[in-house]
Amino acid sequence: MLPLLWLAACTAQPPASQAIVEAPVKLKLGEGFSSPIGYYESTPRFSWLLPQQGQSDFQTAYQIQVSGQTFTNADTAADLWDSGKVFSSQTSWLDYQGKPLKSRQKAYWRVRYWNEQQQASDWSDTQEFELGLLDNTDWQGKWIGHPDTALLTQPTKEILATPQYLRKTFRVNRPVKQARLYVTAKGVFKPFINGNIVAPNDVMTPGWTPYQRRIETLTYDITENLTLGENTLAASLAGGWYSGRIANLMDIDHKLPPRFLAQLEIVYQDGSSQTIVTDESWKSSQAGPIRFASNYDGERYDQAMEMPGWNAAGFDDASWQAAISEPLDPQVLLRPKRHDPIRMTQTLPAVSVEVTGPGVAVFDFGQNMVGVPHILVPAIAGQPIRIRFAEALHKGEFYTDNYRSAHSTDYYLPAKTGQIEYQPTFTFHGYRYMEVSGFDSSQAPSTDWANALVQHSDIRLYNNFSSSSAKLNQLSQNVVWGMRSNFYDIPLDCPQRDERLGWTGDANAFLTPSMYMADAYGFWSAWLQSVREEQNEQGMVPLYIPYVKWITWASSGWGDAATIIPWELYQLTGDLSILQDNYAMMLGWLDYHKSQSENHISHMKTFGDWLQPYPVSEAANRGDTDFSLISTAFYARSVQLTAKTAQALGKTDKARQLTELHSDIKAAFLAKFFDDQLLPKSGHATQTTYLLGLAFELFPTGQREIALNHLLGLLKASDNHLRTGFLGTSLLASVLQDAGRSDLIYDLLFKETYPSWFYSINNGATTTWERWNSYSLEDGFNPQGMNSLNHYAYGTISRWFYEGILGVTPAEPGFKRISIAPQFNQRLSAASGQVPTPNGPVSIDWKITNQTLILDVTIPRNTEADLSLPDVMPGTVTVNGTATDGENFHAMSPGRYRIEAKLSNI
Ligand code: RAM
């Protein structure tokens, strides 16, 4: 190993006395919020970056100041908290430790640091934040709704499924200083102020939490929207996940009345204030244009029922009825939304349109995705327009079988002849194709009749991987689209059929890759709160979160999300609070595992290696790997991760106890399932059998080689095709890379034939599929009803784009130390991308021409990296133009490096 610290000295530095130490940048609160209003944490966590352009590589100390007033100069005192100078290199997740902060409180913060030469930086720019309503007692409003939906009146399902319209008029007599709208629903809502949508891009708010325990609330700044005189606050409201249909058609669908809650707090310039809350003084109607709305089934819109101006002042609401109200339930926590809502993020124009019958046209948006359409079509009065969706066509056939019972159809009933403009409000569809029928067939359809509005949780996409292989780049894009489509407030398994649930096993496979591809920490940690809330007293974690009664048992490999997700998030972020928050849940899940096992062998039920290709056993969808072996492997894994968590949290006794338990399970696993040649004692030897044992470190060190050889043998027997389902696939790449067989991962990755990733691309995929053989150009769709063309689970492979092809992994939690080992192969002549870390991105860019490698690496400030270059010919390496010995570099300082070398075997 060669220490590379000396290289940093190559960059010319001004003498210490003249150095300007640039201020920290990118100040963030919590999981990555900048200047939030309605913030959720009363003890925020602070993070920042050292400027990547500045002269300082490391932080040795920091000082954070938080104040109730903005800082006017460097010496302004901080009245809420001054951390003082703290000797620490930590730049992320620092807990606020000042005076208690209250709901609505606005504060300003700034930070400075001391560099390696003990010089203080300038203060950062000041950032502000404002807390939301943190407690139920902050709410004076009541839940309101239309009187016909009162349960006392025994409303029909039709009534409960009919959206409600609510409005309230009030006067503003003095100039307004600030106005905040705190708002939520049991159901989904769209708020309006004076006829304008409050947040045009926010959709399906407040999203989906275990509503019986917690409902998230939103905060909007509407200071600029109020006018002197009469104002109107209004909302439309539908059932969404609260009372709409979840899973198969069930009795409980549309059984609960959707309800709305709002609190508008106005502070006037003269210091006085006024609060408008939802109560019986609001007016309500169910006679509006949206006649029906359902997540799965679509929306029905009747133009004749439009109520121009219903959400603005001056509207005659004499025919509307007084709203009924219900008190807040103290058991149901109202808490500020802790991650960005679903938003409309992109408009996709139709790329083609085909007339498929009289008055029937099919539009292609070129991309499978999720959202709603926006249409502008010629209509004939009284002739309904029907809008259907499909993820794919086969030889022209509009494929809707895979939506199963989800009707996923919108209807528009025109009252007038002429052009209509329509975009559904309270539904979402997973689709690439849209069929519109019933329009005025005397006019020829054109692509400008329709756009697709893409919706997903507003994670920031990094778009940070590319390579010399067009197909690999397409795969990377498909995985990103799989993520965008299924990050719909919670991590969905699929976005289109009568399911769309937060399946835990799928989340296990996709968590880490998604964190590389997008700013998704807030999304995941919010969902983990729901997972905690759904865990039962025995520690059981349901199959999907939020839970709705459908499948009642728990599965190994699924419920283990309770340990896997917090642990992996900790690896990627270094944020101990994610472990603190979830530690009790992890222990609870171990209790449940224990209750399902005997002598350390688990009999927990499992979905197995779900959708493994070429199953030989009867269990078809559940694959051939022994169920008890799977459950015991996951028991061991969960114990191991919880032991590590206990250690990280300083709970050493517990850590020791769990480590012992882990050894016992490991021994039992080996004895029960394998003979001394590591062949399974019963059942089938599958790729996943060995992947589980190797990835979870369940074979004794001396026998890992044997297990690996079995795995390699099985791969060879399948012509280096995978035979893995949801559990095994996510382990393949890391096991093979650890074994020094990245060549095999490239083989698997570049396979063109079934089962493989490129097979789907060769058959037209623009997202990742649920099954390795969901569709083929030749044979059409897999006849199984369960056949989503937009499932993110097999997108798990993109993890290897970052950890293998670019070669970046956290050597310490939160990438405080980074390991870089790009994996080269003759199939790629170049790859580049950025791997996000809490200290800023690591950039990797490599090219190979005539066996010569040029590798550009940027290591972010305040970190160190170890770089190793496989396949490099000794004696050929230069770093920033200087010849060096060796191909492994230890403790590289932040900065940019160009490494050139000759490669062997490539
Ligand atoms: C399917 C879901 C999901 C999977 C479970 C076991 O219905 O789509 O992807 O995790 O079953």
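Residues numbered from 1 in each chain as written. Predicted model: local features only at pLDDT ≥ 70, side-chain atom pairs only at ≥ 80, totals over all residues. Heavy atoms only, no water.

## With respect to the environment of Glu568
Point 1. You can see Glu568 is positioned in helix 7 (residues 561-573).
Point 2. Looking at Glu568, the relative accessible area reads 15%, which means it is buried.
Point 3. Along the chain, Glu568 and Leu661 lie 93 residues apart, while their C-alpha atoms are 21 Å from each other.
Point 4. Among residues more than four places away in sequence, those in contact with Glu568 are Leu511, Thr512 and Arg799. (Helix = DSSP H or I, 4+ residues; strand = E, 2+ residues; numbered from the N terminus. Buried < 20%, exposed > 50% of the residue type's maximum accessible area, 1.4 Å probe, protein only. Contact = heavy atoms within 4.5 Å.)

## Looking at the site of the ligand
Point 1. By nearness alone, every residue bordering the ligand is listed as Asp493, Arg497, Glu499, Trp503, Asp506, Trp558, Phe607, Trp610, Phe726, Glu770, Met786 and His791.
Point 2. Interatomic distance of 2.8 Å between a side-chain N/O atom of His791 and an oxygen atom of the ligand.
Point 3. Expressed as a share of its isolated accessible area of 300 Å², the protein-covered part of the ligand is 96%.
Point 4. When grouped by side-chain class, the residues that make up the shell around the ligand number six nonpolar, one polar and five charged. (Near = heavy atom within 4 Å. Polar contact = N/O pair within 3.5 Å; in protein donor to acceptor, adjacent residues only side chain to side chain. Areas by Shrake-Rupley, 256 points an atom, 1.4 Å probe, with all protein chains shown as cover. Nonpolar A, V, L, I, M, F, W, Y, C, P; charged D, E, K, R; others polar.)

## Section: the UniProt feature "domain: Bacterial alpha-L-rhamnosidase N-terminal" (unreviewed entry) in the chain
Point 1. Residues annotated in UniProt with the feature "domain: Bacterial alpha-L-rhamnosidase N-terminal" (unreviewed entry) correspond here to residues 176-346.
Point 2. The span residues 176-346 shows a helical share of 2% and a strand share of 46%, and its end C-alpha atoms are spaced 34 Å apart. (UniProt positions renumbered as here; feature names shortened; annotations may be inferred.)

## Some words on the domain arrangement of the chain
Point 1. Per the domain assignment, the segments making up the chain are domain 1 (4-131), domain 2 (136-336), domain 3 (342-457), domain 4 (469-805) and domain 5 (809-902).
Point 2. Of note, the centres of domain 1 and domain 2, computed from C-alpha atoms alone, are 40 Å apart.
Point 3. Taken together, the contact between domain 1 and domain 2 spans eight residues of the former and ten residues of the latter.
Point 4. Of the roughly 690 Å² buried where domain 1 meets domain 2, counting both sides, 39% is carbon and sulfur surface.
Point 5. Among the residues of domain 1 in contact with domain 2, Ile37, Arg104 and Glu130 are the three that bury the most area, contributing 58% of the side total.
Point 6. One salt bridge in this structure joins Asp138 and Arg104, with 3.9 Å as the shortest N-O distance. (Domains from an automatic or database assignment. Buried area = accessible area lost by both parts, 1.4 Å probe. Salt bridge = Lys/Arg side-chain N within 4 Å of Asp/Glu carboxyl O.)

## Some details on the confidence of the model for the chain
Point 1. This prediction gives the chain a mean pLDDT of 96; 98% of its residues lie at or above 70.
Point 2. The low-confidence segment residues 1-17, where pLDDT is below 50, has 27 contacts with residues more than four positions distant or belonging to other chains. (pLDDT = per-residue confidence, 0-100.)

## Here we look at the nonpolar core
It is characteristic of soluble globular proteins that their nonpolar side chains tend to be buried jointly.
Point 1. Membership of the largest hydrophobic core comes to 210 residues, with the highest contact counts inside it found for Trp524, Ile805 and Trp846.
Point 2. Considering each element in turn, this core owes the most residues, ten residues, to helix 9 (residues 627-648).
Point 3. If we ignore the near neighbours within four places in the chain, the residues touching Trp846 are Tyr746, Ile805, Pro822, Gln823, Phe824, Leu828, Ser829, Ala830, Ala831, Leu853, Ile854 and Leu855.
Point 4. Within the second largest apolar cluster, 28 residues are counted, among which are Ala199, Leu233, Ile266 and Ile276. (Core = buried A, V, L, I, M, F, W, Y, C linked by side-chain atoms within 4.5 Å.)

## A closer look at the packing of helix 5 (residues 504-517) against helix 6 (residues 521-534)
Point 1. Two elements in contact, helix 5 and helix 6, have axes separated by 11 Å at closest approach and are oriented at 155°. As far as their axial angle goes, helix 6 and helix 5 are roughly antiparallel. Along this stretch, helix 5 crosses helix 6, giving a crossing that reads as left-handed. Contact residues: helix 5 offers Thr504, Ala507, Leu511, Ser514 and Met515, while helix 6 offers Tyr521, Trp524 and Trp527. (Axes fitted to C-alpha atoms, helices over the stretch in contact; angles between N-to-C directions. Parallel < 35°, antiparallel > 145°, perpendicular 65-115°, else oblique. Left-handed = near helix turned anticlockwise from the far one by under 90°.)

## Thoughts on the sheet that holds strand 46 (residues 830-835)
Point 1. The strand order across the open sheet formed by seven strands is 36-46-47-48-53-50-51, and the pairing between neighbours is antiparallel. Either end of the sheet is taken by a strand with one partner, and the two such strands are strand 36 (465-467) and strand 51 (882-883).
Point 2. Examined bridge by bridge, strand 48 (residues 852-859) and strand 53 (residues 895-902) share eight bridges and lie antiparallel to one another. The partner of Thr858 across the bridge, within strand 53, is Arg896. (Pairing = 2+ DSSP bridges.)

## Quick notes on the environment of Arg174
Point 1. Here Arg174 is to be found in the loop between strand 11 (164-172) and strand 12 (176-186).
Point 2. Taking relative accessible area as the criterion, Arg174 reaches 29% and is therefore assigned partly exposed.
Point 3. Spatially, the C-alpha atom of Arg174 lies 73 Å from that of Tyr614, the residues being 440 residues apart in sequence.
Point 4. Within polar-contact distance, the side chain of Arg174 engages the side chain of Ser272 at 3.0 Å.

## Points about the sheet that holds strand 3 (residues 45-49)
Point 1. The strand order across the open sheet formed by three strands is 2-3-7, and the pairing between neighbours is antiparallel. Looking at the sheet topology across the chains shown, the edges are occupied by strand 2 (25-29) and strand 7 (94-95).
Point 2. As defined by bridge partners, strand 2 adjoins strand 3 across three bridges and the pair is classed as antiparallel. The residue bridging Val25 from the neighbouring strand is Leu49, located in strand 3.

## Examining helix 16 (residues 798-805)
Point 1. The element helix 16 is extensively covered by neighbouring structure, given that seven of its eight residues are classed as buried.
Point 2. Within two residues after helix 16, Gly807 carries a phi angle of roughly 85°, on the positive side.

## Concerning the pattern of salt bridges
Point 1. The full count for this structure, using the stated rule, is 41 salt bridges.
Point 2. Arg404 is paired through a salt bridge with Asp498; the nearest N and O atoms lie 2.8 Å apart. Taken together, the positions of Arg404 in the loop between strand 30 (397-398) and strand 31 (409-413) and Asp498 in the loop between strand 38 (490-491) and helix 5 put the pair 94 residues apart, joining distant regions of the chain.
Point 3. Judged by its relative accessible area of 30%, Arg404 falls in the partly exposed class.
Point 4. Classification of Asp498 as buried rests on a relative accessible area of 2%.
Point 5. Where Asp493 meets Arg497, a salt bridge forms, and the shortest distance between an N and an O atom there is 3.9 Å.
Point 6. For Arg497, a relative accessible area of 1% puts it in the buried group.

## What about the packing of aromatic side chains?
Point 1. Counted by the stated rule, this structure contains 65 aromatic pairs.
Point 2. Both rings, one in Tyr165 and one in Trp310, keep their centres 5.0 Å apart while their planes meet at 90°; by these two values the pair is edge-to-face. Residue Tyr165 is located in strand 11, and its partner Trp310 is located in the loop between strand 21 (298-302) and strand 22 (321-322); the two are separated by 145 residues in the primary sequence.
Point 3. Arranged with centres 5.8 Å apart and planes meeting at 15°, the rings of Trp208 and Trp241 form a pair that is stacked. Taken together, the residues span a long stretch of sequence, with Trp208 in the loop between strand 14 (196-197) and strand 15 (214-221) and Trp241 in helix 3 (residues 240-243) at a distance of 33 residues. Trp241 shares its class with Trp208; the two are buried. (Phe/Tyr/Trp six-rings, centres within 6.5 Å; stacked < 30°, edge-to-face > 60°.)

## Considering unusual backbone geometry
Point 1. Following Thr205, the chain continues into Pro206 via a peptide bond in cis, with omega recorded as 5°.
Point 2. A cis amide bond links Ile545 to the next residue, Pro546, at an omega of -10°.
Point 3. With respect to the element layout, Pro546 can be found in the loop between helix 6 and helix 7.
Point 4. A positive phi angle is found at Gln851, which is not glycine, with a value near 65°.
Point 5. Inspection of the secondary structure assignment puts Gln851 in the loop between strand 47 (842-849) and strand 48.

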